[in-house]
Protein chains: 4
Amino acid sequence: MSSKHERKVAIVGATGVAGQQFVAALQNHPWFRITTLAASERSANKSYGDALRAPNGAVRWYCDEEPSPAVLALPVKDAAHLDASDADIVFTAVESDAAREIEPRLAKHVPVFSTASAFRYEADVPIAVPGVNLEHLDLVETQRRDRGWKGFVVPLPNCTTMGMVVTLKPLLDAFGVKQVCMTSMQGLSGAGRSPGVAALDVLDNIIPYIVGEEEKVAKETGKILGRVQAGTIAPHGALVAATCTRANVREGHTEAVQVQLERETTLERVRATFAEFGREFCARNLPSAPRRMIILHDDPFRPQPRLDREADGGMATSVGRLRLDAAGLRYVLVSHNTKMGAAKGAVLTAEHMVDAGKI
Amino acid sequence: MSSKHERKVAIVGATGVAGQQFVAALQNHPWFRITTLAASERSANKSYGDALRAPNGAVRWYCDEEPSPAVLALPVKDAAHLDASDADIVFTAVESDAAREIEPRLAKHVPVFSTASAFRYEADVPIAVPGVNLEHLDLVETQRRDRGWKGFVVPLPNCTTMGMVVTLKPLLDAFGVKQVCMTSMQGLSGAGRSPGVAALDVLDNIIPYIVGEEEKVAKETGKILGRVQAGTIAPHGALVAATCTRANVREGHTEAVQVQLERETTLERVRATFAEFGREFCARNLPSAPRRMIILHDDPFRPQPRLDREADGGMATSVGRLRLDAAGLRYVLVSHNTKMGAAKGAVLTAEHMVDAGKI
Amino acid sequence: MSSKHERKVAIVGATGVAGQQFVAALQNHPWFRITTLAASERSANKSYGDALRAPNGAVRWYCDEEPSPAVLALPVKDAAHLDASDADIVFTAVESDAAREIEPRLAKHVPVFSTASAFRYEADVPIAVPGVNLEHLDLVETQRRDRGWKGFVVPLPNCTTMGMVVTLKPLLDAFGVKQVCMTSMQGLSGAGRSPGVAALDVLDNIIPYIVGEEEKVAKETGKILGRVQAGTIAPHGALVAATCTRANVREGHTEAVQVQLERETTLERVRATFAEFGREFCARNLPSAPRRMIILHDDPFRPQPRLDREADGGMATSVGRLRLDAAGLRYVLVSHNTKMGAAKGAVLTAEHMVDAGKI
Amino acid sequence: MSSKHERKVAIVGATGVAGQQFVAALQNHPWFRITTLAASERSANKSYGDALRAPNGAVRWYCDEEPSPAVLALPVKDAAHLDASDADIVFTAVESDAAREIEPRLAKHVPVFSTASAFRYEADVPIAVPGVNLEHLDLVETQRRDRGWKGFVVPLPNCTTMGMVVTLKPLLDAFGVKQVCMTSMQGLSGAGRSPGVAALDVLDNIIPYIVGEEEKVAKETGKILGRVQAGTIAPHGALVAATCTRANVREGHTEAVQVQLERETTLERVRATFAEFGREFCARNLPSAPRRMIILHDDPFRPQPRLDREADGGMATSVGRLRLDAAGLRYVLVSHNTKMGAAKGAVLTAEHMVDAGKI
């Protein structure tokens, strides 16, 4: 195996919004080097630069960081026939149906970190949230053993689950969590680029429904907050009631969260708990890690997606509007849906496993 | 007193967003005739058309219905020195501080219907919601008696309270309400026009706080759902926990509501309860009344503010995304914040009182 | 042939943005009755209501006027195999490639009014602009004769050409036109709905290019302003230099136009010329005609697409910011791209031909 | 005088949008150190952090770069009584009326670089455009002599003029310029923050007029492209016909430009001329200078304000859509209105004068 500084990585689904974020997160990475890009048949055998073009000829690139000339020149392979045996790590950002076919094939040989939902709900598969439930990653040994794989599949959660579990974990540990009620106002990039959300539909509007999202949030939150028991995960039993809406915001998911805690507490203790959370994990200084897992705002007009989505490289969860009363604890959070909530969160998970000597 | 078809009405605060909606609602009204427009000193002694101009010369008009030439030619009086004794009814749409000074002065002589919060929380003042709590309007007799007024002050609730109480009232009557958790995504027009919300602040963004809004929603909901007892209103005790945010939507407030009901029920019964609500009131066919108080959507992508805010002339509350589980009843509603939620709601309240022979 | 009040019409491409505008313009039409809806194979054999659903289940309807229950229940036929022989008139709103195949097939039997570009540039085909060049419609006789059709094809111009030629025609007649320089800021609906413009691309942005648009504007303007000579149209020779951009505006094309006139004039005469234009045509009171072809604004902050696109039912062209100096005449116009600029303009053209006894 | 690395700078009008950009451009500057912040009386005697708060309590900060804690703690002085005698350089970003009073007072002692229009049109005042007309800066000696000042006033042009003159200068030098026709689609930040453009006015809209802007663009372009003669500037005589509109874009001005050149040329030569422009100036590597004055795009979908406004630190002008025909040369440009077009452009001008030993 190559040293920490020479891991070769493949990105599958490299042309989509989340795939582009993988490229942005990895093109100047100190440990990882992009050696393979793959996408659907339509993009195969083009250069990455050409594959980013829409039918009308426009290059559609959605990260603030520009792609490097070297990356733009890389050839795009057909994901359906990808042999990633020369990669050390694969990152996938494909639709769930494609993931169900592609990921097990690759996992036979290589560790796969995925933003797709295909394997999230299988018994031997952890849903990785850096700084929150890294002990769940031990399940990859079960995968290897039971499935006969040399690699494994580690999916990240849905981008809407991400910000919420980062805030629920410290609450759970400190005060217990009985029930969660959450309303999200989600950014456009979460819907991808082909075609994504039509401007005609969302301009001057809120769309009150995102297919399948609320069920994912409920199920994934339970699993992420659960405990490893006997080679699988016993989900936490708190009821999670989500209403997921789409707002006319480019990036960043805003979530209004109400949590009914098991034990009484005070706002001061909640603040301290949030501020303290993840210190140890952040202190490891992994390349993609935030300086703080949670950034607390006293200004009641924060967090705002435009101002806070990029906090700590898009990897911190910004929290404000803390209120505590008979209805429970309430707050508003902003989390970057394609950085911490997808590609860069997956990269951080891989960094953790490399750093821990597990790959 | 003039007949039903000849009431002379004055609009105070006629140049603001809500004031403009009063003009739109009244300029072709079958019973009411605009005889007086008043606004702040800055607008006084201009024609209404001139008073609508911003410092840079732009006419700032925000209703879809154009103002008639006759209205544009009306002179604007100084609200601070208005003598409305020749009007039969006054509608006010001014800031709370101004209302505290102006409204009692006018109420000595004339009924005043107000969109301001100044008097909402006084013991002898009802908060009127047409079709919901019209029996509260009997409190105006207490006002007349105790304050020695010939008129009275009847405020409407905050625009954010409005949509929610229209849906809570039938739930309360049918199933009882224990607790309400609501997240709003409010339209821009609710913040008025001088200066209103700056585009720089809200473009590509959600603003997670509106000063004072959440307290108003909680307090007003309790009062509106309360009972008249001994000449005042005993508020309903359900806890109302609101998070109010501003979205980049021109008009229409979207609210994600979770209600914990006192008694068990089914989605079917909830649907029937919503559909049935307000039949009698709507059947009176008051000029500004909606055909239905609540419009139920089965399509999970509805209601949307752009598509649903104008339903039944901006006077119906559109409800969708009905879900019922251990967390309670959840739904999303859209209500027009400057029509049902402000000016046109006040006009409808006045129509009710005229129709009922009370003014 | 049926009487004026009983024409049966078919709409081909009924599910797209322009097709929906045909439905809105025709569902309560005093002379025409929708008897047939057709669309692509994907929509065929569904009800119109079902065919409007996107893959995620959302009904995507973009007109302010709601579709009637009767229309929603109509079956959608496959446009590729449509036999419209029972219709008196066909309106088409399909992509150019499809139009090239479908329209001649239908024109063998029935008059076809089209929003597609497929036949706009053929020698025996007029580009119809109601109130501007209706004498060009005589070319349909050439079509009938040379192509052996009982019907004909009459395309409308590109939506961006429309507003401009409405203003150029009176200038040409009164002062002569040497050269035109135009920059458009076009609304989103012009790009259609499948997929249309992605919100991710246009939020907080201007897109400086629309494929093929500038060439169409140049070529069509010349043809529309040209003269019928010897059974074809000799285009007007003025150079038309357009820069077409996409703005984050739902509907309505805004165009900043600079015209170099052949003969000297004054602003007053230009104003009078614009105000006078189309009087006779409008006086015929065709059902879809505007009251005025051109609405002049003195307020320099007008026209604005949100305020002016719906003027006279979306059929008037709003003009403001008139300036005349050594650089020529300059003004800004707003024209509704899917009403006057597409579907309703085609309906108005058909009304003219019915009224003139030509169909 | 202090060394290059220790200039003390004052920012007057520090709380507005352009003032904030001064703070962003100067807070980590290698040569300059912010020692004084001043603003209107309303902000005086507050910390800078407190002075940024709107009446409703929200901190209104509009740069992507966060203000440093040190800057937020600086006291804000009253600009009306500022004595900047301890500063080496003053940067002002105030309204024109205030500038007319403040700037001469400060210029008695200190060099003043201004974004206000107050002195732009005076005979002994240059309008500085870095890389374009730096030889005009010699006029400051005339100011010093005739006005008896130790300092001087050097204004930058209007933000809309800026991008255009950067592209006109190389065209003028290479081919001559006869006439310019320009339509701008300007970003919101150009209108400032108090109150700036209301979201209600600009959402789903284009506003076709900006008071005074077109006259400024015409007059300033002539002066900037003119020649120093006998201690003043003889403006270039090309006619500049501008139409300035406001679009719903946060930052970045997009301009569609048509130039009639004096001498024939080819697109290739135009490209080469643009690419070559400013090489020498950029090679001086002044801290705020762009790497290239003009960035040329072949992709017809560029430049876009969201993608290109930050090019080279917001200091490059991005140009695309180059076309050359009988109507002249046409292109679209994007320029950052508060960086190159205001604050950072002024800082770059000051850097030039420091580097050239003139202050």
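Remarks on the domain arrangement of chain A
Residue and element names in this part refer to chain A.
Then, in step 1: For chain A, the assigned domains are domain 1 (4-156 + 342-355) and domain 2 (159-335).
Then, in step 2: The distance between the C-alpha centroids of domain 1 and domain 2 comes to 24 Å.
Then, in step 3: Taken together, the contact pairs 32 residues of domain 1 with 28 residues of domain 2.
Then, in step 4: Elements that contribute at least two residues to the side of domain 1 that touches domain 2 include exactly α1 (17-26), α5 (139-147) and α13 (343-355).
Then, in step 5: The element that contributes the greatest number of residues to the side of domain 1 that touches domain 2 is α13, accounting for seven residues.
Then, in step 6: Across the side of domain 1 that touches domain 2, the residue classes break down as 15 nonpolar, nine polar and eight charged.

Comments concerning the interface of chain B and chain A
Many analyses report the size of an interface as the accessible area lost when the parts associate.
Then, in step 1: Counting residues at the interface gives 33 residues for chain B, matched by 33 residues for chain A.
Then, in step 2: Of all the secondary-structure elements, those providing two or more residues to the side of chain B that touches chain A are β7 (177-186), β10 (239-246), β11 (253-261), α11 (305-308), β13 (317-325) and β14 (328-335) of chain B.
Then, in step 3: When residues of the side of chain B that touches chain A are assigned to their parent elements, the largest contribution, four residues, is made by β7 of chain B.

Section: the relation of the copies chain B and chain A
Then, in step 1: With an RMSD of 0.0 Å, the fit of chain B onto chain A corresponds to turning through 180 degrees and sliding 0.0 Å along the axis. Given the turn and translation reported, the copies of this chain are related as if by a two-fold rotation axis.
Then, in step 2: Of all interface residues in chain B, 100% are interface residues in chain A too; the two copies therefore contact each other through one and the same surface.

A look at the relation of the copies chain D and chain A
Mapping between the two chain copies consists of a rotation about an axis together with a translation along that axis.
Then, in step 1: Each copy superposes on the other: chain D lies on chain A with an RMSD of 0.0 Å after a rotation of 180 degrees and an axial shift of 0.0 Å.
Then, in step 2: Both copies present the same face, since 100% of the interface residues in chain D are matched by interface residues at the equivalent positions in chain A.

Re the pairing of strand β4 (residues 89-92) of chain B
All names here are of chain B.
Then, in step 1: Residues I89 and F91 point to one face of β4 and V90 and T92 to the other, with burial holding for every one of them.
Then, in step 2: Across four bridges, the pairing between strand β1 (residues 7-12) and β4 is parallel. Bridged to I11 within β4 is F91.
Then, in step 3: In the classification by handedness, the crossover that spans β4, the intervening helix α4 (residues 96-107) and the parallel strand β5 (residues 111-114) is right-handed.

With respect to helix α4 (residues 96-107) of chain D
Residues and elements named next belong to chain D.
Then, in step 1: A rise of 1.5 Å per residue sets the reference length of α4, with its 12 residues, at 16 Å; its end C-alpha atoms lie 16 Å apart and thus fit the reference within 8%.
Then, in step 2: Buried residues of α4: A99, I102, E103, L106 and A107, and no others. Summarising the axial view, the buried residues of α4 lie within an arc of 120 degrees, below the 170-degree limit, and thus occupy one face. In α4, the exposed residues that point more than 90 degrees away from the buried face are D97 and E101.
Then, in step 3: Buried residues along α4 sit in contact with β1 (7-12), β4 (89-92), β5 (111-114) and β6 (152-155).

A word on the nonpolar core
Then, in step 1: Counting 476 residues, the largest nonpolar core has I11 of chain A, I11 of chain B, I11 of chain C together with I11 of chain D as the members making the most contacts within it.
Then, in step 2: When near neighbours in sequence (up to four residues on either side) are disregarded, I11 of chain D contacts G19, F22, V23, L26, I34, L37 and F91 of chain D.

Topic: the sheet that holds strand β12 (residues 294-296) of chain A
Residues and elements named next belong to chain A.
Then, in step 1: Taken in spatial order, the six strands make up an open sheet running β10-β7-β11-β14-β13-β12, and their pairing is mixed. The sheet is open, and its two edges are formed by β10 (239-246) and β12, each paired on a single side. The average undirected angle you get between the axes of adjacent strands in this sheet is 25 degrees.
Then, in step 2: Bridging between strand β11 (residues 253-261) and strand β14 (residues 328-335) involves seven bridges; their strand directions are antiparallel. Looking across to β14, one finds that T254 is bridged to V334.
Then, in step 3: Its contacts with the sheet place helix α9 (residues 267-276) against β12, β13 (317-325) and β14, and it is angled at close to 160 degrees to β13.

A few points about the interface of chain D and chain A
Then, in step 1: Every contact between the two is made by eight residues of chain D and, on the other side, eight residues of chain A.
Then, in step 2: Residue composition of the side of chain D that touches chain A, grouped by class: five nonpolar, one polar and two charged.

Notes on helix α6 (residues 159-175) of chain D
Residues and elements named next belong to chain D.
Then, in step 1: Over its 17 residues, α6 extends 25 Å from the first C-alpha to the last, a length consistent with the 24 Å expected when each residue adds 1.5 Å.
Then, in step 2: The principal kink in α6, of about 30 degrees, is found at V165.
Then, in step 3: Among the 17 residues that make up α6, 13 are buried, leaving the element largely enclosed by the rest of the structure.
Then, in step 4: Of the residues one or two after α6, G176 is the one with positive phi, at around 75 degrees.

So, unusual backbone geometry
Residues and elements named next belong to chain A.
Then, in step 1: Here the amide bond leading from R302 into P303 is cis, since omega sits at 0 degrees, within 30 degrees of zero.
Then, in step 2: Tracing the backbone shows P303 in the loop between β12 and α11 (305-308).
Then, in step 3: A positive phi angle, near 60 degrees, is found at D204, a position not held by glycine.
Then, in step 4: Here D204 shows up in the loop between α7 (199-202) and α8 (213-224).
Then, in step 5: Overall, D204 belongs to the buried group, with 24 C-beta atoms counted inside 10 Å.
Then, in step 6: Positive phi is not limited to glycine here, since N285 has a value of about 55 degrees.

Conventions adopted
- Each chain carries its own residue numbering, running from 1 in the written order of its sequence.
- As they are written, the chains are lettered A onward and the ligands numbered 1 onward, keeping that order.
- The predicted nature of this model means local features are confined to residues of pLDDT at least 70 and side-chain atom pairs, given and counted, to a pLDDT of 80 or more, with totals for whole chains, interfaces and linings taken over all residues.
- By convention here, the domain bounds are inherited from an automatic or database domain assignment.
- It is the C-beta atoms, placed from the backbone, that decide contacts: two residues are in contact if theirs lie within 7 Å.
- Put simply, DSSP marks the helices as runs of H or I at least four residues long and the strands as runs of E at least two long, and each gets a number from the N terminus on.
- Residues are grouped as follows: Ala, Val, Leu, Ile, Met, Phe, Trp, Tyr, Cys and Pro are nonpolar; Asp, Glu, Lys and Arg are charged; every other residue, Gly included, is polar.
- Superposing the copies works by least squares over the C-alpha atoms of residues that have pLDDT at least 70 in both of them.
- Residue burial is a threshold on neighbouring C-beta atoms within 10 Å of the residue's own C-beta, all placed from the backbone, with 20 or more meaning buried, 12 or fewer meaning exposed, and counts in between meaning partly exposed.
- What makes two strands pair is DSSP finding at least two bridges between them.
- If the strands point away from the viewer and the path from the first strand over the helix to the second runs clockwise, then the crossover is right-handed.
- Expected span of a helix: the number of residues minus one, times 1.5 Å.
- For this quantity, the arc is that covered by the directions from the helix axis to the C-beta atoms.
- When buried Ala, Val, Leu, Ile, Met, Phe, Trp, Tyr and Cys residues are joined through C-beta atoms within 7 Å, the set is termed a nonpolar core.
- Angles run from 0 to 180 degrees between N-to-C directions of axes, and those axes are lines fitted to C-alpha atoms, restricted for helices to the stretch in contact.
- Here the bend at each residue means the angle between axes fitted to two seven-residue stretches, the one ending at that residue and the one beginning there.

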